[in-house]
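Next come the chains, spelled out residue by residue.
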Amino acid sequence: MAIDYSEKIPNNVNLADDRRLQRALEHWQPGYLDWWNELGPEGFQAKDVYLRTAVNVGADGWAHFDHVKMPDYRWGIFLSEPKPEQTIGFGDEMGKPVWQEVPGEHRAALRRLIVTQGDTEPASVEQQRLLGLTCPSLYDLRNLFQVNVEEGRHLWAMVYLLHAHFGRDGREEAEELLYRHSGDPDNPRILGTFNEPIEDWLSFFMFTYFTDRDGKYQLKCLAESAFDPLARTCQFMLTEEAHHMFVGETGIGRIVERTVDVMKDLRTDDPETLRAAGVIDLPLLQRYVNFWFSSCLDLFGADQSSNAAGYFATGVKGRPDEAKFDDHDCSETIEVLEVPDGNGGVTTVEAPTRNAMNEITRNLYVGDCQRGVDRWNKTIQAAGFHFQITLPSARFRREIGSWGGVPTDLAGNIIAAEAYGGHLASSLPSDEDRAYVDSLMKPVTEPGKMAGWIAAPRRGIHGHPLDYEYVKLH
Ligand code: BYC
Ligand code: FE
Ligand code: FE
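This write-up is about the structure you can find in this document. (Residues numbered from 1 in each chain as written. Chains lettered and ligands numbered in written order. Predicted model: local features only at pLDDT ≥ 70, side-chain atom pairs only at ≥ 80, totals over all residues.)

### Looking at the sheet that holds strand 5 (residues 471–472)
We count it as follows: One requirement defines pairing of two strands: DSSP has to find at least two bridges between them. A run of DSSP states H or I qualifies as a helix once it reaches four residues; a run of E qualifies as a strand once it reaches two. Both are numbered from the N-terminal end. For every residue pair, C-beta atoms are placed from the backbone, and the pair is scored as a contact if these atoms sit within 7 Å. Helix axes are fitted to C-alpha atoms over the stretch in contact, other axes to C-alpha atoms as well, and angles between N-to-C directions run from 0 to 180 degrees.
Taken together, three strands build an open sheet; the order of strands is 2-1-5 and the sheet is antiparallel. Edge positions in the sheet fall to strand 2 (63–69) and strand 5, since each of these pairs with one other strand and no more. Taken together, the two bridges between strand 1 (residues 48–54) and strand 5 define a ladder with antiparallel strand orientation. For D48, the partnering residue across the bridge sits in strand 5 and is K472. Helix 3 (residues 138–165) rests against strand 1 and strand 5 of the sheet, and its axis sits at about 40° to strand 1.

Structure follows, in structure tokens:
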């Protein structure tokens, strides 16, 4: 399934055969480019960036690498290969053929999910738009832009579905995706985390580690959908997504590595001394983890959700890697959930498994988040220090679900409302922390050079050395 690059909109969906759809998307395209130029990366739009572009949807050799100017990036529509005789893998319709068109009765649910997914993609580009100006290296600058252009493509993936399958409503939703803006008080993005500012690279790496990983898990759920075009577009998006999380995991890993090196040299873990030496102390890093992890947990929705039960029953949205579960029906089983009892204690409730799908996905996500944390901790331990980075309890600082608005400490113990403000203040990045991180954000753009607060990556991109000109600034 090679991709047709002779078209104005590269695609592997035979767009040329559907003139109406092609015209509608070509009509949306200039609005997209205006949005990219206004709210995409600030500066650098005229520079050559070493970017990968999808050229095929197969597992190997799917991407092509070259220097391109971001506005010339070939954003297109790529679905993974159709599987013949694909059947629905879970829920009440299990075993029936997947849908190539949207069934009328599931139209509203699918539209809502596709719009929610689509909304996050441009939101993240908006959140990250100023970071190029303070890049720690050309290597990182290129990675930022790679993530940005691919999030732009993910928006295209959802807009294609809206245009192709939802008629006039879909076209209106596609317009709205360019009109809502991250952090705009009158017209914000749909989900909380996507309105949080990302003003420094520590936040960027936290976001690509924790928030793009929510993307991974949500895309895995949608990749199971009975609506086949949605499933297939998400399957291909997951191929791109892996790099975003690589950027997050190695970004934080390189910060830890650099800090620990300086801790060894100076034989201290004292934050003041380390700040004077220009590196990010681990307690500060922990507070950023506390902030972004807790924010992202809300992205999975409520622990008991009739929406989620409906999505599963109807085949609209499955669990991550649905095939790995034994029971794909889940109508006869229950989950035991820990919830606050309303009197300062904790109790358990039994929820039908279908209603607990959000919690099941969230728990898988937490396990995946822990893996990178373990690797960072190994770096710290190998250097002979005892500090451990930890994920806060999934009850901490929640706004959605049973634990929403319940004051707990980092370990998940319910605490007095009067104590909560102080606990939050000491657990989350303080103004001082942010000001310190901000003071480190000075651009480093000489090929091969790194800012002092981050270690060099193990290797360059696509076989190139570290001092390769990943972004041509001159
Ligand atoms: N902020 O019944 P519930 C990505 C709302 S990231 C604000 O549990 P449901 C990416 C919820 O809408 C992946 N509101 O809801 C990453 C509901 O509202 P209504 C994005 C929230 O539907 C980085 C109410 O609370 N993809 O791709 O079961 C860079 C009750 O909730 C939030 C998707 O999210 C929140 N955090 O679950 C770039 C997949 N959480 O109906 C890209 C599509 C919940 O009462 N979306 N609410 O007004 C979904 O599957 C579902 O909509 C959700 C919510 C899982 C998000
Ligand atoms: Fe994305
Ligand atoms: Fe992503």
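Following the structure, the description resumes.
### Let's talk about the environment of V346
The topology assignment puts V346 in strand 4 (residues 346–352). As for V346 and E175, which are separated by 171 residues in sequence, their C-alpha atoms are 45 Å apart. Apart from residues lying up to four places away in sequence, V346 is in contact with E338, P340 and D341.

### Some words on the site of ligand 1
The cut-off we apply is this: The rule is simple: place the C-beta atom from the backbone, and if it lies within 6 Å of a molecule or strand, the residue is near it.
Ligand 1 sits among 25 residues. The nearest are S124, G215, G301, A302 and S305. Residue assignment for the shell around ligand 1 shows that the elements contributing at least two residues are helix 2 (107–127), helix 5 (201–222) and helix 9 (306–314). Top contributing element to the shell around ligand 1 by residue count: helix 2, with six residues.

### Focus: the packing of helix 3 against helix 4 (residues 167–179)
How we decide: Convention used here: angles under 35 degrees read as roughly parallel, angles over 145 as roughly antiparallel, angles from 65 to 115 as roughly perpendicular, and any remaining angle as oblique. When residues are grouped by polarity, Ala, Val, Leu, Ile, Met, Phe, Trp, Tyr, Cys and Pro land in nonpolar, Asp, Glu, Lys and Arg in charged, and all others, Gly among them, in polar.
Interhelical geometry of helix 3 versus helix 4 gives an angle of 155° and a closest axis separation of 7 Å. Looking at the two axes, helix 3 sits roughly antiparallel to helix 4. Every residue of helix 4 that contacts helix 3 at L155, V159, L162, H163 and H165 is listed here: G170, R171, E173, A174 and L177. Looking at side-chain class alone, the contact of helix 3 with helix 4 contains five nonpolar, three polar and two charged residues.

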